[in-house]
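# Structural overview
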Amino acid sequence: MGGRTVTFSGKVDLSSADRLFDWSGVHVVVAGLGTSGYAAADALLELDATVLVLDDSDDDGHRDKGGLLEVLGAEVRLGAGAAAELPEGTDLVIVSPGWRPTQSLVASALLQGIPVWGEPELAWRLMHPDRVVPWLAITGTNGKTTTTQMTESILNAAGLRACAVGNIGRPILEAMADEIGYDVFAVELSSFQLHWSNSLSLHSAAVLNLQQDHLEWYAHEDDPFASYAADKARIYHQVTNSCVYNVADPATEHMVEEADVVEGARAIGFTTGIPGPSMIGVVDDLIVDRAFVDQRATSAMELAHLDDVRPFAPHNVENALAAAALTRSFGVPARAVGQGLRDLHLGGHRIETVHKAGGITWVDDSKATNPHAANSSMRAFEHIVWIAGGQAKGTNFDDLVTTHAEKLRGAIVLGTDRDVVAKSLAEHAPHVPVVVIDDMSRECMAKAVREAAEMARPGDTVLMAPGCASLDIWPGYAARGDDFVSAARQIDGPDADG
């Protein structure tokens, strides 16, 4: 694209850079012009930094955003190869989520000792020293978005000005530019974002669970899963109030034990069982608090009813418990927890019943993009015809299939890594009939639905919980879910609800 040409001068010490730092002499490369990249470039231009935006994509959306940034004073280079090499004289690189350490531009910066930050790291620094908003942050393999939405809703129910930001879709920097004076942010953080963050010191943080996912991103490491876990654990670094962990997932508790936190920070567990001291848990049909109450008390404080959790499923109760722990750490009253859960209306494609016909229930969980997420769905149903497959991201399905083999009426597998799923089914559930769909067009979902309808019997659930990402065929998991819903609703039966 056009715009002014940027000449880079050399490295600057950014170890203590914040909003009041003199950014006018800083030469920043923003690698990737997605939502977070645009927000980062915009914020840096306001501080008079010299900004060069690079992206290998050159579609209409990128050109539109690039044009706006050029008007503000950035140089923008789009198209194949634009982001291949690091310009000389770069002082700082801001990477969009997903940029790997092995990509040439990033690897070059790291080799030269040039700082590489993600948008959350930049946002954290640009809040300081005079515009600080506390963060309640959430990471984990699964449940991040739902827990972040629950956290925001509970905070709002308590009368606080709160906003859900981060990996959930809205850049933190964008919310910081709002005229609203926020009391607190509910922040979803991915392993990618945490990898490029080094100075966060959050009010409270939660790791919901830890399972294999995104291992292709860490393929250059000797132990990809250990590196993935280490990035998740970074969320606890220098936490000031509460480190929230999953009692049922010892890896998350170990992260807390190993964390370098601010003196006085507490470890708070959540459990679907009866809670011990310093835990949030479940007694009968109630979510209760034994963490943020008088420790001398013999009884727990009621926070919510289990039927306040919608949609109700075991893993969603865990999400609600984590959100309750985070918000209680921020001082919200007990009543706000149940109210916030009741007020929440989640987006689609999360264990959503979309059709019933002939005694068969059709459930869309396209958001289940890894085996652990699919496991959460499968726990909720007794007899399943399973639609699975897509981009496996280096994971395997052996444990998932072994766990649920007796529930499976049949399976239909599709997508680029369909053979990975089929192989696990053949080895660990040989009695389960499997249909492999080789079509790599979007028509494959309608074919999968028709095959599932042939397999299913009254009382069964046809569950589309792929356990894989969707970008091999679809633009995202929502489009995949939409195709499933559309096809499922074409299936007729005596009790079809359309």
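Since we're looking at a predicted model, the values are computed, not measured.

### A few points about the overall build of the protein chain
- Helix and strand content of the protein chain: 16 helices and 20 strands.
- On C-alpha atoms alone, the protein chain measures out to a radius of gyration of 24 Å, which is about the 23 Å that the 2.2 N^0.38 rule sets for 498 residues.
- Taking the principal axes of the C-alpha coordinates as reference, the protein chain spans close to 70 × 60 × 40 Å.
- Going through the 498 residues of the protein chain one by one, you find that 55% of them count as buried.
- Sequence-distant contacts, at least 24 apart, represent 67% of the contacts inside the protein chain between residues at least 6 apart.
- For the protein chain, the accessible area works out to roughly 19800 Å², and carbon and sulfur atoms hold 48% of it.
- The averaged location of the 69 negative side-chain charges in the protein chain is 3 Å from the averaged location of its 36 positive side-chain charges.

### Looking at the nonpolar core
- Grouped together as the largest cluster of nonpolar side chains are 75 residues, with contacts concentrated most on Trp23, Val93, Trp135, Phe185 and Leu202.
- Per-element tally for this core: the top contributor is helix α1 (residues 35–46), with 6 residues.
- Composition of this core by domain shows at least three residues from each of domain 1 (27–114) and domain 2 (124–343).
- With sequence-adjacent residues up to four places away left out, Val93 is seen in contact with Val29, Ala31, Leu86, Leu105, Ala109, Ile114, Pro115, Val116 and Trp117.

### Digging into the domain arrangement of the protein chain
- Domains assigned within the protein chain are domain 1 (27–114), domain 2 (124–343) and domain 3 (352–490).
- Computed over C-alpha atoms only, the centres of domain 1 and domain 2 are separated by 30 Å.
- Contacts between the two partners involve 15 residues from domain 1 and, on the opposite side, 12 residues from domain 2.
- For the pair domain 1 and domain 2, the summed buried surface comes to about 1100 Å²; carbon and sulfur atoms form 79% of the total.
- A per-residue breakdown of the area domain 1 buries against domain 2 is headed by Pro97, Arg100 and Pro101, which together make up 35% of the total.
- At the junction of domain 1 with domain 2, the criterion picks out 0 salt bridges.
- On inspection of domain 1 and its partner domain 2, the count reaches 2 residue pairs in polar contact (both at pLDDT 80 or more).
- Secondary-structure elements contributing two or more residues to the side of domain 1 that touches domain 2 are α1 and α3 (104–111).

### A short note on unusual backbone geometry
- Along the chain, His128 connects to Pro129 via a cis peptide bond; the corresponding omega equals 5°.
- Among the structural elements, Pro129 can be located in the loop between α4 (119–127) and β6 (135–139).
- With omega at -5°, the peptide bond leading from Arg310 into Pro311 counts as cis.
- Structurally, Pro311 can be placed in the loop between β14 (301–305) and α10 (314–329).
- Of note in the backbone geometry, Gln238 takes a positive phi value of approximately 60° without being a glycine.
- Looking at where Gln238 falls in the secondary structure, it is placed in the loop between α8 (224–233) and β10 (242–246).

### Regarding helix α14 (residues 418–428)
- Inspection of α14 places Arg418, Val421, Ala422, Ser424 and Leu425 among the buried residues, and these make up the whole buried set. Along the axis of α14, the buried positions cluster into a sector of 160°, meaning they face one direction only. Along α14, exposed side chains directed more than 90 degrees from the buried face belong to Asp419, Lys423 and Ala426.
- Among the structural elements, β17 (384–388), α13 (398–404), β18 (408–413) and β19 (434–436) are those in contact with the buried residues of α14.

Conventions adopted
- Residues numbered from 1 in each chain as written.
- Predicted model: local features only at pLDDT ≥ 70, side-chain atom pairs only at ≥ 80, totals over all residues.
- Heavy atoms only, no water.
- Helix = DSSP H or I, 4+ residues; strand = E, 2+ residues; numbered from the N terminus.
- Rg over C-alpha atoms; globule rule 2.2 N^0.38 Å.
- Buried < 20%, exposed > 50% of the residue type's maximum accessible area, 1.4 Å probe, protein only.
- Contact = heavy atoms within 4.5 Å.
- Areas by Shrake-Rupley, 256 points an atom, 1.4 Å probe, with all protein chains shown as cover.
- Lys, Arg positive; Asp, Glu negative; His and termini not counted.
- Charge placed at Lys NZ, Arg CZ, Asp CG, Glu CD.
- Core = buried A, V, L, I, M, F, W, Y, C linked by side-chain atoms within 4.5 Å.
- Domains from an automatic or database assignment.
- Buried area = accessible area lost by both parts, 1.4 Å probe.
- Salt bridge = Lys/Arg side-chain N within 4 Å of Asp/Glu carboxyl O.
- Polar contact = N/O pair within 3.5 Å; in protein donor to acceptor, adjacent residues only side chain to side chain.
- Arc of directions from axis to C-beta.

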